[in-house]
Amino acid sequence: MSELLVGRQPILNRSKETIGDELLYRALLTDTKAMIKDGNIATSLVFVNTLFEMGLDNVVGPQLAFINFTRDFLVKDNLVQLLTAIRPGSFDPGKIVLEVLE
């Protein structure tokens, strides 16, 4: 069985209070930065690993989860296919913030 990895970077408000974590793709435990060859695959792995395998609450607790999405991922049917595979009620959609990559 392979390891499931997701990097986390705190997101702070103006008062320097943590309001959530940006969830980041990581391929290896020793990675200090992302080695992304395909942004759509990286997005899918972060989303699936966090929601299905690890559990959103286990990763971010009561905080928000900020997840990077490529433009391509959002405008094609990738997101629709991913969302239709999710069991209703398996997570609170209000806890996820979609970040659109440049």
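Residues numbered from 1 in each chain as written. Predicted model: local features only at pLDDT ≥ 70, side-chain atom pairs only at ≥ 80, totals over all residues. Heavy atoms only, no water.

Caption draft 1: Fine view of the environment of L45. Relative to the helices and strands, L45 resides in helix α1 (residues 39-54). For L45, a relative accessible area of 35% translates into the label partly exposed. When the C-alpha positions of L45 and V6 are compared, they lie 8.7 Å apart, and in sequence the two are 39 residues distant. Apart from the residues lying within four places of it in its own chain, the contact partners of L45 are Y25 and T50. (Helix = DSSP H or I, 4+ residues; strand = E, 2+ residues; numbered from the N terminus. Buried < 20%, exposed > 50% of the residue type's maximum accessible area, 1.4 Å probe, protein only. Contact = heavy atoms within 4.5 Å.)

Caption draft 2: Main features of the confidence of the model for the protein. A residue-level look at the protein finds 76% of positions with pLDDT of 70 or above and a mean pLDDT of 80. No element of the protein has a lower mean pLDDT than helix α4 (residues 78-84), at 65, and none a higher one than strand β2 (residues 18-25), at 93. (pLDDT = per-residue confidence, 0-100.)

Caption draft 3: A look at α1. End to end, α1 covers 21 Å across 16 residues, agreeing with the expected 22 Å (1.5 Å per residue, within 8%). The axis of α1 is deflected most strongly, by about 30°, at V48. Within α1, burial applies to N40, A42, T43, V46, F47, N49, T50 and L51. Residue G55 follows α1 closely and has a positive phi angle near 90°. (Expected span 1.5 Å × (residues − 1). Bend = angle between axes of the 7 residues up to and from the residue.)

Caption draft 4: Just the packing of aromatic side chains, in detail. Scanning the entire structure with this criterion turns up one aromatic pair. On the basis of an interplanar angle of 70° and a centroid distance of 5.9 Å, the ring pair of F47 and F69 is categorised as edge-to-face. Placement of the pair is F47 in helix α1 and F69 in strand β3 (residues 64-69), with a sequence separation of 22 residues. The two residues F47 and F69 agree in class, both being buried. (Phe/Tyr/Trp six-rings, centres within 6.5 Å; stacked < 30°, edge-to-face > 60°.)

Caption draft 5: How the structure looks around the nonpolar core. Grouped together as the largest cluster of nonpolar side chains are 16 residues, with contacts concentrated most on L23, L56, I67 and I96. Among the elements of the structure, β2, α1, α2 (56-60) and β3 are those that each provide at least two residues to this core. No other element matches α1, which puts four residues into this core. Setting aside its immediate chain neighbours within four residues, L56 contacts T50, L51, G61, A65, F91, D92, K95 and I96. (Core = buried A, V, L, I, M, F, W, Y, C linked by side-chain atoms within 4.5 Å.)

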